[in-house]
Amino acid sequence: MKIIQAKIENLHAVAELFDLYRQFYGQAADIDAAKEFIRERLTLNDATILLALTAKNLPVGFTQLYPAFSSVAMKPMLYLNDLFVVSTNRKSGVGAALLNAAYDFALNTGAGSLKLATAVDNFAAKSLYESNAYLKVTAFDHYVRKVDS
């Protein structure tokens, strides 16, 4: 297995994984919208997508990182917004490899931290994160307000 930084030539592979990821979180399948969303991220270079490939170059997982800043730390940070591994490759080290690659990317780009969130009932993901040095933050309550469009 290898982890690469996705480029536009990986669009189809990443879009398929992204569509499966969204379905995991209850969204309807929409490969065309997924492809357009990922195309925008890669073209605008406003996200970093790390893609896990098998020895035969089959895509088996991805993570998507969004840049941000910490005002308190006065450093850049990264949001590890998406992490997905196809079901047949879970518990085989793909998730941990993607987390390690994200950490290396953060380290090499000067980010002060990697932040992520997961569903409260996603116990497999929580176990993966905690076994890879992620700490659950309990000092803050996080809020969201949807913007009507």
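These remarks concern the structure in this document. (Residues numbered from 1 in each chain as written. Predicted model: local features only at pLDDT ≥ 70, side-chain atom pairs only at ≥ 80, totals over all residues. Heavy atoms only, no water.)

As a further point, take the sheet that holds strand S5 (residues 114-115). Read across the sheet, 5 strands follow the order S1-S2-S3-S4-S5 without closing on themselves; strand pairing throughout is mixed. In this open sheet, the two edge strands, each paired with only one partner strand, are strand S1 (2-5) and S5. Strand direction decides the pairing type here: S1 and strand S2 (residues 48-53), joined by 4 bridges, are antiparallel. Each bridged residue has a counterpart across the sheet, and for isoleucine 3 the counterpart in S2 is alanine 52. (Pairing = 2+ DSSP bridges. Helix = DSSP H or I, 4+ residues; strand = E, 2+ residues; numbered from the N terminus.)

All right, on to the pairing of strand S4 (residues 75-85) then. Note: strand S3 (residues 59-70) against S4, 10 bridges, orientation antiparallel. Within the sheet, the bridge partner assigned to tyrosine 66 lies in S4 and is tyrosine 79. Pairing geometry for S4 and S5, over 2 bridges, is parallel. Each residue of the ladder has a partner; that of tyrosine 79, found in S5, is lysine 115. In the classification by handedness, the crossover that spans S4, the intervening helix H3 (residues 94-108) and the parallel S5 is right-handed. (Right-handed = clockwise from strand over helix to strand, strands pointing away.)

Its place among the elements puts proline 67 in strand S3. Residue classification places proline 67 among the exposed residues on the basis of a relative accessible area of 57%. Once the C-alpha coordinates of proline 67 and alanine 47 are considered, the two residues, 20 residues apart in sequence, prove to be 6.9 Å apart. With residues near it in sequence (within four places) discarded, proline 67 still touches Asp46, Met77 and Leu78. (Buried < 20%, exposed > 50% of the residue type's maximum accessible area, 1.4 Å probe, protein only. Contact = heavy atoms within 4.5 Å.)

To continue, consider helix H2 (residues 31-44). Over its 14 residues, H2 extends 20 Å from the first C-alpha to the last, a length consistent with the 20 Å expected when each residue adds 1.5 Å. Of all the positions in H2, only Ala34, Ile38, Arg41 and Leu42 are classed as buried. Buried residues along H2 cover an arc of 95 degrees about the axis, so they all sit on one side. Across from the buried face of H2, at angles greater than 90 degrees, the exposed residues are Asp32, Thr43 and Leu44. One or two positions beyond H2, positive phi appears at asparagine 45, with a value near 55 degrees. (Expected span 1.5 Å × (residues − 1). Arc of directions from axis to C-beta.)

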